[in-house]
Amino acid sequence: MSTRTFLLFITLSILPISSSDAGQPGANYTKDGLSFNYLSNWTVDEDVMFPGAQRSLVIDSPTKSLVSIEMYDKNSLNTYPEYRKYNASLKYFANRYKNRGIYAKLQTRYPNKQVFINREGKKGLQDTQRVKFGDMVDSIMTREFYRFDTKDEIVFVTMDTTKDEYKATAAGLDTILKSFKYK
């Protein structure tokens with residue numbers, strides 16, 4: 001997670017959420033073989049690079065939630081046994097995702113719950129965990145992870161949201177997953 005996204009997450013975690021934040025489908029992203037639709041009031045940030053990824057981007061909601069897309073070299077990733085099987089790779093990626101960045105070092109640790117789900121015909125992993133940063137933030141985070149395999153790459157699509165924003169963010173993720181195409 002970029003520093004900008006982290007600060008936005010912390011700042012907006014204490015603000016009330018408006019039901020008008022849901023947005024409407026209508027925006028489209030197309031570049032270098034990647035295309036998807038997203039909600040019109042969300043923004044795409046291409047200036048993000050996650051560790052080990054060949055390419056990354058973040059689709060920010062108007063509040064503090066986001067969807068990230070990370071592309072990794074398939075041959076390199078498959079050298080790790082954890083990435084060879086779909087379910088195992090989602091669990092491994094979820095654990096790596098939660099533990100990267102400065103926010104993982106600052107938060108109080110609580111047990112998480114992981115369940116496999118289906119959304120828009122795609123099998124994914126839903127990870128729910130209480131996250132607490134001192135007295136500033138205390139919320140339930142829900143993350144969903146999806147994997148797409150292409151000839152040369154493995155792509156992970158991740159939704160990161162709070163319990164309060166889950167419904168609106170899931171609508172944004174649905175829009176992305178329905179239209180997601182890569183090479």
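Here the residue numbers are simple positions, counted from 1 along each chain's written sequence. Confidence filtering applies because this is a predicted model: local features only for residues at pLDDT of at least 70, side-chain atom pairs given and counted only at 80 or more, and all residues used for totals across whole chains, interfaces and linings. Side-chain measures here rest on the full set of heavy atoms in the structure, leaving out hydrogens and waters.

Engineer: Summarise the side chain of Glu-70; cite the residues concerned and give the values.
Structural biologist: We count a stretch as a helix when DSSP gives it H or I for four or more residues in a row; a strand needs E for two or more, and each element gets its number in order from the N terminus. Mapped onto the elements of the fold, Glu-70 is located in strand S5 (residues 66-73). Type-normalised accessible area, obtained with a 1.4 Å probe on protein chains alone, sets the label of each residue: buried when under 20%, exposed when over 50%, and partly exposed for intermediate values. Owing to a relative accessible area of 0%, Glu-70 belongs among the buried residues under this scheme. Every residue in contact with Glu-70, bar those within four places of it in the chain, is listed here: Phe-50, Arg-55, Ser-56, Phe-93, Tyr-97, Arg-100, Ile-154, Val-155 and Phe-156. Note on definitions: a residue-residue contact is assigned when non-hydrogen atoms from the two residues lie within 4.5 Å.

Engineer: Go over the nonpolar core with me, naming the residues and quoting the values.
Structural biologist: The biggest cluster of nonpolar side chains holds 23 residues, and the ones touching the most others in it are Phe-36, Ile-59, Ile-69, Val-157 and Phe-180. The leading source of residues in this core is strand S2 (residues 34-39), at 4 residues. In this structure Ile-59 touches Phe-36, Tyr-38, Trp-42, Thr-43, Val-44, Ser-65, Leu-66, Val-67, Ile-69 and Ile-176, once residues within four positions along its chain are discounted. For our purposes a nonpolar core is just a set of buried Ala, Val, Leu, Ile, Met, Phe, Trp, Tyr and Cys residues, chained together by side-chain atoms within 4.5 Å. Ranked by size, the runner-up nonpolar core spans 16 residues in total, among them Tyr-72, Ala-94, Tyr-97 and Phe-145.

Engineer: Tell me about the sheet that holds strand S3 (residues 43-45), residues and numbers included.
Structural biologist: A sheet is described by the order of its strands in space; here 7 strands give the open sequence S3-S4-S5-S9-S8-S7-S6, paired in antiparallel fashion. One side of each edge strand has no neighbouring strand; the edge strands of this open sheet are S3 and strand S6 (112-119). Strand-to-strand twist across the sheet, computed as the mean angle between neighbouring axes with direction ignored, equals 20°. Inspection of the sheet shows S3 paired to strand S4 (residues 55-60) by 3 bridges, in the antiparallel sense. Among the inter-strand pairings, Thr-43 is bridged to a residue of S4, identified as Asp-60. Interaxial angles span 0 to 180 degrees and are taken between N-to-C directions of axes, which are lines fitted to C-alpha atoms, for helices over the stretch in contact. Here helix H5 (residues 166-179) sits on the sheet in contact with S4, S5, S6, strand S7 (122-133), strand S8 (137-149) and strand S9 (153-162), set at roughly 160° to S9. Pairing between strands requires that DSSP locate at least two bridges from one strand to the other.

Engineer: Break down the pattern of salt bridges for me, citing the residues and quoting the values.
Structural biologist: A pairing counts as a salt bridge when a side-chain nitrogen of Lys or Arg comes within 4 Å of a carboxyl oxygen of Asp or Glu. For the structure shown, the criterion picks out 9 salt bridges. With its nearest N and O atoms 3.4 Å apart, the salt bridge here joins Glu-165 to Lys-64. Placement of the pair is Glu-165 in the loop between S9 and H5 and Lys-64 in the loop between S4 and S5, with a sequence separation of 101 residues. Lys-64 matches Glu-165 in its accessibility class, with the two residues each being buried. For the salt bridge of Asp-149 with Arg-147, the shortest nitrogen-to-oxygen distance reads 2.7 Å. Judged by its relative accessible area of 39%, Asp-149 is partly exposed. When its relative accessible area of 8% is taken as the criterion, Arg-147 is described as buried. A single network of salt bridges, built from pairs that share partners, joins Lys-74, Arg-147 and Asp-149.

Engineer: Could you give me a rundown of the confidence of the model for the protein, with the residues and numbers involved?
Structural biologist: Residues with a pLDDT of 70 or more make up 81% of the protein, whose mean pLDDT is 84. What pLDDT reports is the predictor's confidence in each residue, on a scale of 0 through 100. pLDDT under 50 marks residues 1-21. Its contacts with residues more than four places away, or in other chains, come to 36 contacts.

Engineer: Could you give me a rundown of the pairing of S4, with the residues and numbers involved?
Structural biologist: By the criterion of burial, S4 is predominantly enclosed, with 6 of the 6 residues buried. Residues Arg-55, Leu-57 and Ile-59 of S4 are buried on one face, and the alternating residues Ser-56, Val-58 and Asp-60, pointing to the opposite face, are buried as well. As paired elements, S4 and S5 share 6 bridges and run antiparallel to each other. Looking at S5, one finds that Val-58 is bridged to Ser-68. A loop of 5 residues connects S4 with S5, the two strands running antiparallel in sequence.

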